[in-house]
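Residues per chain, in single letters:
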Amino acid sequence: MTANGANQSPPLEGYNVFLSDHALVDAVRREGAGWAEERMSRVGELLGGEPLVWGHQANAHPPVLKSHDRFGERIDEVAFHPAWHSMMRFSIGHGVHALPWRERRPGAHVARAALLVLVSQVEAGHACPVSMTFAAVPLLEAHPEVGGEWVPQLTSLAYDERAIPASKKAGALCGMAMTERQGGSDVRANTTRARWLSGTGPGAEYAVTGQKWFCSAPMCDAFVVLAQTEHGLSCFLLPRWRPDGTRNGFRLERLKDKLGNRSNASAEVRFDEAWARLVGEEGRGVATIMEMVGHARLECLLASAGLMRQAVAQAAHHAAHRATFGRVLEAHPLMQNVLADLAVESEAATAIALRLARAYDERGSDERERRFARFVTPIVKYWICKRTPPLVAEALECLGGNGYVEECVLPRLYREAPVNSVWEGSGNIMCLDVLRALTRERESVEAFFDELRLAAGRDRRLDAFVDSVRDELNRRDEVEAAARRIVERLALALEASLLVRAGQPAVADVFIASRLAGDHGLAFGTLGPRRDFRAILERARPAI
Ligand SMILES: Cc1cc2nc3c(=O)[nH]c(=O)nc-3n(C[C@H](O)[C@H](O)[C@H](O)COP(=O)(O)OP(=O)(O)OC[C@H]3O[C@@H](n4cnc5c(N)ncnc54)[C@H](O)[C@@H]3O)c2cc1C
C-alpha cells in the first residue's frame, strides 16, 4: 500500500531519468560514450524534476498562429507557452542539437543520441526543432558557401526565441520543408519553383514561390527546402528574414490540428518570392538533402526509443506500487509476462538505436561503419517507429484507468507514438529504401552481416534465424511485396545479436525465444511462461 493509503502509485517524478534506465546506461558504455556519463546523469537528474511540469504545460497550451500584428501587418509568427521555451532552452543549452558538431570526439554521437532519448521522454514535441537543427548541420557543413555563416549559430548553446533576423541572435534553429499538398513521399513531384536572381553555382540567390503542406517548427530561423529550377529539383536554404533585414516571403497559412505532437507547431506555408540560396548543385536537390534526411531519420528512431522507455518506466513503476487481489501488480505472473515483454522490446530498441548512433560516430573514418549506417538507418527507423504505438498502448493499459487520464503522461505518449513512423519517410518508404540498398549496395549488406557475425555461435536459435534471413534475401520473387517482412527480420536479427552480446542473458533469452523462435502470440504478454521475468523487471523498474 502506498503512503496516501489509497492504493495509488506515487507519481514517477524526482528520479534520475538516465541512471534509472539500466539499458541506456549500459548501451552508452558499450557504444563508447562512457566519458559522458556524468553529463547524462546531470541531465537525467534535472529532467526528473521541473521539466516534467513543462512537458505537461507545453502540451496543454499548444502554439497559436499570429498571422498579423495589431496594425494589420503580416508577421507570420507563432506564439508558444513559456513552458515550451523552457524545454527548448534546456535541450539547446545541453547541446542535444549539436554535441557531436561541437565536440568532435569518439562517442559524441552516442552521447547526444542518449540525450535525445532522455529529453524525448519528458517532452517529445520540442525534439522536432532540436532534431532538425541537428540534422541540418552536416548538410550545411558540406556546403560552406551557404553553411559557413549558419553553422556557428546552429551549433550555439544559446536559445533565442525572438522573431528577429538570425544575424542579431546568438543561436538559431533550422527546419525542413519538402512535403507538398500533392505528395510527400514522392518529392520529385514538387511544384515549388525557384527563379534565379544572382550568382552562379552553390550559394547563388533565388526567389522561391510555391506551397509546402507540412512545415514543422515554422518559428525556426531558416529552412532547407526543395524547389524546381530549369535544371530540376534543387535544394535551398530559405531564411525567415532577407539580408536587408525585412521579413522574407514566408507566409504561414495555418497550423495543423494534429493528433499528437501538440506542443510543436506544424504549418502549411506559402513562399512568395522568398529569398533563398542554392545548396549544392542545381538539379541535385534530392541527393543533396539526403544528408539532412538521413540524420533526421536517426532522430525519429531515437525519439521513439525514448517514448518506449518512458512508457515502460511508467508501467513498471505503477505495477510496483498498485495492489490488486492482495498483492502488488508486478507480483502477478500474468502482469510479469506483460511487463517483461514490454521491457525487452524497449531494451532492444535502445540497444539497436545506440549501436546505430555509434556508426554515425565512426562513419567518417571507417568505410564499413558508413555502409552499416546507410543500410541500417531505414531498417531501424522502420522497426522502432513501428513497434512504438502498440507498446505504448499496452503500457497504458498496465496503469488501468489512470493510464487513460490526461494528468498521466501516457495519453500524451500514445498520441505521439505514431508520428515518427510517418515523417521523414513513412514505413513503406523506409522498406523500399532498404530494398534499394539490397539490390544496389551489396557492400552495405555485407557490413550488416559482418556485425551479425560478432554474435555467431552464441545462440543456436539466433544462428538459425540469421541463416534464414540470408536465404530470404537471396530469393528474388515478389521482393517489393515482401519488403516489410524482410526489413522486420533484418531488424530482429540485429536486435537479437546486440542483446546476446550485451551480457543480459534473461533479456536476450526472452527476446530470441519470442521474436525469433516463435514462442509468442500476437499481443504483448504472450511470452512462454517459464522465463526469468523477475530479472527483466528488476532491470526495467525505475528507482525513485
Ligand atoms: C506532424 C507532422 C509533421 C510534419 N512535418 C514535416 C516537415 O516539417 N517538413 C516536411 O517536409 N514534411 C513534414 N511532414 C510530412 C511528412 O514527411 C509526410 O506526411 C510523409 O513524408 C508522407 O507523405 P504524404 O503525407 O504525402 O503521404 P504519401 O506520400 O501520399 O504516402 C501515403 C502512404 O503511402 C505509402 N506509400 C507511398 N509510396 C508508396 C509506394 N511506392 N509503395 C508503397 N507504399 C507507398 C507511404 O508510406 C504512406 O504510408 C510532417 C508530417 C506530420 C504528420
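Scroll up to find the structure.
What comes next concerns the included structure. (Residues numbered from 1 in each chain as written. Predicted model: local features only at pLDDT ≥ 70, side-chain atom pairs only at ≥ 80, totals over all residues. Heavy atoms only, no water.)

### Some remarks on the overall build of the protein chain
In terms of helices and strands, the protein chain carries 19 helices and eleven strands. Since a compact globule built from 544 residues should have a radius of gyration of about 24 Å, the 23 Å found for the protein chain is in line with a globular shape. Taking the principal axes of the C-alpha coordinates as reference, the protein chain spans close to 70 × 60 × 40 Å. In the protein chain, which comprises 544 residues, the share counted as buried stands at 60%. Taken together, the 67 basic and 69 acidic charged side chains of the protein chain have centroids lying 1 Å from each other. (Helix = DSSP H or I, 4+ residues; strand = E, 2+ residues; numbered from the N terminus. Rg over C-alpha atoms; globule rule 2.2 N^0.38 Å. Buried < 20%, exposed > 50% of the residue type's maximum accessible area, 1.4 Å probe, protein only. Lys, Arg positive; Asp, Glu negative; His and termini not counted. Charge placed at Lys NZ, Arg CZ, Asp CG, Glu CD.)

### Considering helix α18 (residues 505-516)
With twelve residues, α18 should reach 16 Å at 1.5 Å per residue; the first-to-last C-alpha distance of 15 Å fits that figure. Taking burial as the measure, the twelve residues of α18 include ten buried ones, the bulk of the element. Every buried residue of α18 is accounted for by A506, V507, A508, V510, F511, I512, A513, S514, R515 and L516. Where α18 is buried, its residues contact α10 (333-362), α11 (367-398), α16 (460-474), α17 (483-502) and α19 (533-540). (Expected span 1.5 Å × (residues − 1). Contact = heavy atoms within 4.5 Å.)

### Some words on the packing of helix α15 (residues 442-453) against α17
Axis separation between α15 and α17 bottoms out at 9 Å; the angle between their running directions is 35°. Remark: the crossing between α15 and α17 carries left-handed chirality. Taking contact as the criterion, the partners of F448, E451 and L452 in α15 are, on α17, L490, A493, L494, S497, L498 and R501. Classifying every residue of the contact of α15 with α17 by side-chain character gives six nonpolar, one polar and two charged. (Axes fitted to C-alpha atoms, helices over the stretch in contact; angles between N-to-C directions. Left-handed = near helix turned anticlockwise from the far one by under 90°. Nonpolar A, V, L, I, M, F, W, Y, C, P; charged D, E, K, R; others polar.)

### Comments concerning the site of the ligand
The full set close to the ligand counts 20 residues, and M178, T179, G184, S185 and S216 are the nearest of them. Here a nitrogen atom of the ligand and a side-chain polar atom of T179 are 2.7 Å apart. Backbone polar atom of S216 to an oxygen atom of the ligand: 2.7 Å apart, as the coordinates give it. For the ligand, whose free accessible area comes to 970 Å², the fraction covered by protein is 65%. Breaking the shell around the ligand down by element, the ones donating at least two residues are β3 (174-177), β5 (205-216), α13 (419-422) and α14 (427-440). (Near = heavy atom within 4 Å. Polar contact = N/O pair within 3.5 Å; in protein donor to acceptor, adjacent residues only side chain to side chain. Areas by Shrake-Rupley, 256 points an atom, 1.4 Å probe, with all protein chains shown as cover.)

### Regarding the pairing of strand β6 (residues 222-229)
For β6, the buried fraction is high: eight of the eight residues fall into the buried class. Judged by which residues are buried, β6 turns out to be covered on both faces: A222, V224, L226 and Q228 on one side and F223, V225, A227 and T229 on the other are all buried. The pairing of β3 with β6 spans four bridges and is classified as parallel. Among the inter-strand pairings, A177 is bridged to a residue of β6, identified as V225. In this sheet, strand β7 (residues 232-239) lies alongside β6 in antiparallel orientation, the contact comprising eight bridges. Considered in β7, the bridge of L226 is made with C235. (Pairing = 2+ DSSP bridges.)

### A few points about the packing of α11 against α14
Orientation of α11 relative to α14, taken along the N-to-C sense of each, is 155°, at an axis distance of 9 Å. Taken together, α11 and α14 sit at an angle that is classed as roughly antiparallel. Between α11 and α14 the crossing geometry is left-handed. Between α11 and α14, the residues in contact are R374, F375, P378, I379, K381 and Y382 and G427, M430, C431, D433, V434, R436, A437 and L438, respectively. (Parallel < 35°, antiparallel > 145°, perpendicular 65-115°, else oblique.)

### As for the state of the cysteines
If you walk through the whole model with that rule in mind, you get zero disulfides. This cysteine, C398, is not joined by any disulfide, and C408 carries the nearest cysteine sulfur, 11 Å off. The exposure class of C398 is buried, given its relative accessible area of 5%. (Disulfide = S-S within 2.5 Å.)

### What to know about the environment of G232
Checked against the element boundaries, G232 lands in strand β7. In this structure the C-alpha to C-alpha distance between G232 and R42, which are 190 residues apart in sequence, comes to 48 Å.

### As for the environment of E37
With respect to the helices, strands and loops of the structure, E37 is situated in helix α2 (residues 37-47). For E37 and L19, which are 18 residues apart along the polypeptide, the C-alpha to C-alpha distance reads 9.0 Å. Sequence-distant contacts of E37, that is, excluding residues within four places in its chain, are made with F18, V25, V28 and R29. A polar contact of 2.8 Å, which involves the side chain of E37, links it to the side chain of R29.

### Let's talk about unusual backbone geometry
The phi torsion at A217 lies on the positive side, around 50°, for a residue other than glycine. The class for A217 is buried, based on a relative accessible area of 0%. Of note in this structure, F325 is not a glycine but carries a positive phi near 50°. Exposure remark for F325: the relative accessible area of 82% places this residue in the exposed category.

### Some details on the pattern of salt bridges
Under the counting rule described, the total for this entry stands at 49 salt bridges. Note that E149 and R277 form a salt bridge whose closest N and O atoms lie 3.1 Å from each other. With E149 in helix α8 (residues 144-154) and R277 in strand β9 (residues 266-279), the pair connects residues that are 128 residues apart, well separated along the chain. Assessed through its relative accessible area of 18%, R277 is described here as buried. Its salt-bridge partner being D257, residue R262 comes within 3.4 Å of it at the nearest N-O pair. The structure contains a network of salt bridges with shared partners spanning R355, R368, E369, D450, E451, R453 and R501. (Salt bridge = Lys/Arg side-chain N within 4 Å of Asp/Glu carboxyl O.)

### Re the packing of aromatic side chains
Each pair of aromatic rings is reported with the distance of its centres and the angle of its planes. Tallied over the full model, the rule gives nine aromatic pairs. With a centroid separation of 5.0 Å and an interplanar angle of 65°, the aromatic rings of Y206 and F236 are classed as edge-to-face. With Y206 in strand β5 and F236 in strand β7, the pair connects residues that are 30 residues apart, well separated along the chain. Take Y206 and F236: they sit in the same class, and that class is buried. It is K256 that lies over the ring of W213; its NZ or CZ is 3.5 Å from the centre. (Phe/Tyr/Trp six-rings, centres within 6.5 Å; stacked < 30°, edge-to-face > 60°. Lys NZ or Arg CZ within 6 Å of the ring centre and 35° of its normal.)

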